[in-house]
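# A structural walkthrough
Here's the letter readout for the chains.
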Amino acid sequence: MQTTHVTPPASATDAVQPSPVWGAPPYRPMPEWARPAAPKPAPKPAPFKAKELIAALALVLTSDLVMYAHDGFALGGLGLTAFLVIVPIVLFVVARNVRRSVRLGVISALLVATGLRASYAPTAGTAVVGLGLVFAFALTLRSLRTFVPEVVAAAFSGMGALGTRVAAAAAGVKRVAARTPVGRVSILPVVIPAGLCAIFLGVFALANPVVAHGISAAWTAFGHWVALPSPGRIVVWCLALLGAVTLLRPSFRSSRAAEVSAPIMEGASTTNLLVARNAFVALNVLFLAYNLLDAAYLWTGAPPAGMRTQQYAHQGAFWLTLALVMLTAVVGVTFRGPLAQDPKAALARHVAYVWMGQGLVLALGTYRRIAIHVAYSGLSDLRIVGILGTTLVVFGVVLVAAKLHRGRTFAWLLRRQLDALAVTLAIYTIFPTHLVSAKVNVGRIESGEYRPMLHMFRQSHEGESAAAVIPLLHHSDERVRQGVAALLETELTRLGTEIQEQTTWRQKSWGSRRTLEALEAARGEIAKVLGTVDRDAARSVLLEISHVANDGSSLEEILAIPNATNWQERSGSRSMY
């Protein structure tokens, strides 16, 4: 018999099933949104103090004194000297916490030398170098490590911060004015109402011709009794004020570039090691061959057959200086990475030291070439530039070697090379290159040489060196006397006109005036030597003598050149004599 199972009815409790409990979701919960913090506004510079405002006013007045005359803008010798003396003194007095350093002393010495040079014979270079030194002085007063890159960065940063500096100066004026009593009231309750009245009076003048006529008459009468500034002078004041607030509050930021190389954990690759080793070995062989060539032909004074020593050395100084610059760049770029520290690159570094040593020998050859040029045809401004340029490049090679040996960074190298460049430019600007060259050349011409005569055309045209050429009026060769007299007569006219146009003390320089006095004293001698000779012919003869002498011609060929009187009757070609 089959049994039937009957399912009992579900109770009420059994009908409600509990909800399943799940764990945490298999992904991260959504982060809560957080409101970003509002950016903090840049801090405003503190208002100028009374001492700074007085200094700014002093700088504006100094600029007006030395740069502007009654007939317009005028900046020259004594004016530039006064500027380069007064401005640093004002900056030093007003500066807080002056950082005394060797660098500050060097910049101060260069400022004094530039000022003396400007009072003697000013040039555009003295003005540019002087202004740059003033800005560097303002920065060095506040920092011990002011290199040329930091000075340049501060100049550009100062342009961007000029608005905030002007605002700080205006805030300082407002604060001082609010605290300055006039009787029992401050200045502002007087100045502001007066300014408002002036503004509305101007509006009434535009609206009513009677008011306009009255204001015009009052302004004319005021200008008759009080000298009103011209628009150009107002522009000078505004520019001077901008420069003053920049110098008093320079925007200086210390560079964070490290000067000591950080340890490099990874070594140089095999390819880089091989490239460095092979390149420096090959370059050493090449430089050794060239130095041996110079030893055979340059240092012994025995040039190749058919060539003079001066021809062998011609144009070599510039290209060898360029080779030294390239050497500096190659070593600096090669050892910027792991090669500078990797022990496996020790051989490459030693070979690089040898190559730089050969570069110094190459520099000696460059000096030798310049000396040959000077010994052959005299000293000139351009050859002094060559000496300074070669010295600068040699210093650069030494710096690169020191960087590699001491483990310094590229920033260390760049700062010192740019500093050396700046000092070299300042020395060249200050040094009386034309005067020194003229004295050397005149002494050699008086002893019977003709080749240095080539430089008289330039050196007789310079205010600093023209007086040094006067002794050649007594040369034993009549052609030299006449040619030099024609050159000095031209310079006497030019310099006299130039000094006559200097209507204020700002443009005067004692070097030019001393030269003019010397030329005026020699005026009678110049006229006696020239007589009725054609001036152009006298100069042409002198130029021909210098060309023939520097072409390696014999003394007989030089003496065969006619004088100025006979030159007029000839075509001037060398085949005629």
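Our next topic: the overall build of the protein. Of regular secondary structure, the protein possesses 24 helices and 4 strands. Among the 577 residues that make up the protein, the fraction classed as buried is 38%. For the protein, long-range pairs separated by at least 24 residues make up 77% of all intrachain contacts whose partners lie at least 6 apart in sequence. For the protein, the exposed surface amounts to about 33,300 Å²; the carbon and sulfur share of it is 67%.

Take the environment of A282 next. Here A282 shows up in helix 11 (residues 270-299). With a relative accessible area of 45%, A282 lands in the partly exposed category. Linking A282 and W355, residues 73 residues apart in sequence, is a C-alpha distance of 9.8 Å.

A few words now on the side chain of H475. With respect to the helices and strands, H475 occurs in the loop between helix 18 (456-459) and helix 19 (478-500). Given a relative accessible area of 9%, H475 falls into the buried group. At 3.1 Å, the side chain of H475 and the backbone oxygen of I445 are in polar contact. Leaving out residues up to four positions away in the same chain, H475 has contacts with I445, E446, V480 and R481.

Moving on, we get to the nonpolar core. Formed by 41 residues in total, the largest nonpolar core has its most connected members in L91, V134 and L248. Contributing elements (two or more residues each) for this core: helix 2 (50-67), helix 3 (77-94), helix 4 (102-120), helix 5 (124-140), helix 6 (148-160), helix 7 (162-178), helix 10 (231-248) and helix 16 (410-430).

Throughout the structure, instances matching the rule amount to 5 aromatic pairs. Considering the side-chain rings of F318 and W319, the 4.9 Å spacing of their centres and the 75° angle between planes classify their relative orientation as edge-to-face. For W319, a relative accessible area of 51% translates into the label exposed. Joined through ring pairs, the aromatic side chains of F280, F287, F335 and W355 make up one cluster. Residue placement shows R336 over the ring face of F410; its charged tip is 4.8 Å from the ring centre. Above the face of the Y376 ring, R451 is positioned so that its terminal group lies 4.1 Å from the ring centre.

Attention now goes to the environment of L91. Among the structural elements, L91 can be located in helix 3. C-alpha of L91 to C-alpha of A244: the two residues are 153 residues apart in sequence and 9.5 Å apart in space. Sequence-distant contacts of L91, that is, excluding residues within four places in its chain, are made with L59, V134, F137, A138, L141, L247 and L248.

So, about helix 10. With 18 residues, helix 10 should reach 26 Å at 1.5 Å per residue; the first-to-last C-alpha distance of 26 Å fits that figure. Those residues of helix 10 not exposed but buried are V236, A240, A244, V245, T246, L247 and L248.

Packed helices, taken two at a time, are described by the angle their axes make and the gap between the axes. Running from amino to carboxyl end, helix 5 crosses helix 6 at an angle of 95°, the nearest separation of the two axes being 10 Å. One element, helix 5, and the other, helix 6, form an angle in the roughly perpendicular class. Across from F135, A136 and L139 in helix 5, the residues of helix 6 making contact are V151, A154 and A155. Split into classes, the residues belonging to the contact of helix 5 with helix 6 amount to 6 nonpolar, no polar and no charged.

For the structure on display, the rule yields 13 salt bridges. With a closest N to O distance of 2.9 Å, R249 and E52 form a salt bridge. With a gap of 197 residues between them, R249 in the loop between helix 10 and helix 11 and E52 in helix 2 connect regions that are remote in the sequence. The partner of R369 in a salt bridge is D294, and the shortest N-O contact between them spans 2.9 Å. Placement of R369 in helix 14 (residues 346-377) and of D294 in helix 11 is noted, with a sequence separation of 75 residues between them. What emerges from the salt-bridge pattern is a single network uniting E491, R494 and E498.

The next subject is helix 2. Over its 18 residues, helix 2 runs 26 Å from end to end, which matches the ideal 26 Å to within 8%, given 1.5 Å per residue. Buried within helix 2 we find E52, L53, A55, A56, L59, V60, T62, S63, D64, V66 and M67.

This part covers the confidence of the model for the protein. Of all residues in the protein, 87% attain a pLDDT of 70 or more, and the chain-wide mean is 84. No element of the protein has a lower mean pLDDT than helix 1 (residues 12-15), which averages 49, and none a higher one than helix 17 (residues 433-446), which averages 94. Within the model, the stretch residues 571-576 combines pLDDT values under 50 with 7 contacts to residues more than four positions away or in other chains.

This part covers a nonpolar patch on the surface. On the surface, I192, L196, I199, F200, L201, V203, F204 and I215 cluster together into a nonpolar patch covering about 760 Å² of accessible area. Residue contributions to the nonpolar patch peak at 7 residues, all from helix 8 (residues 188-207). With respect to the helices, strands and loops of the structure, I215 is situated in helix 9 (residues 209-225). Looking at I215, the relative accessible area reads 31%, which means it is partly exposed.

Each value, and the rule that gives it
- Residues numbered from 1 in each chain as written.
- Predicted model: local features only at pLDDT ≥ 70, side-chain atom pairs only at ≥ 80, totals over all residues.
- Heavy atoms only, no water.
- Helix = DSSP H or I, 4+ residues; strand = E, 2+ residues; numbered from the N terminus.
- Buried < 20%, exposed > 50% of the residue type's maximum accessible area, 1.4 Å probe, protein only.
- Contact = heavy atoms within 4.5 Å.
- Areas by Shrake-Rupley, 256 points an atom, 1.4 Å probe, with all protein chains shown as cover.
- Polar contact = N/O pair within 3.5 Å; in protein donor to acceptor, adjacent residues only side chain to side chain.
- Core = buried A, V, L, I, M, F, W, Y, C linked by side-chain atoms within 4.5 Å.
- Phe/Tyr/Trp six-rings, centres within 6.5 Å; stacked < 30°, edge-to-face > 60°.
- Lys NZ or Arg CZ within 6 Å of the ring centre and 35° of its normal.
- Expected span 1.5 Å × (residues − 1).
- Axes fitted to C-alpha atoms, helices over the stretch in contact; angles between N-to-C directions.
- Parallel < 35°, antiparallel > 145°, perpendicular 65-115°, else oblique.
- Nonpolar A, V, L, I, M, F, W, Y, C, P; charged D, E, K, R; others polar.
- Salt bridge = Lys/Arg side-chain N within 4 Å of Asp/Glu carboxyl O.
- pLDDT = per-residue confidence, 0-100.
- Patch = residues over 30% accessible without salt bridge, like charges linked within 9 Å, V, L, I, M, F, W, Y side chains within 5 Å.

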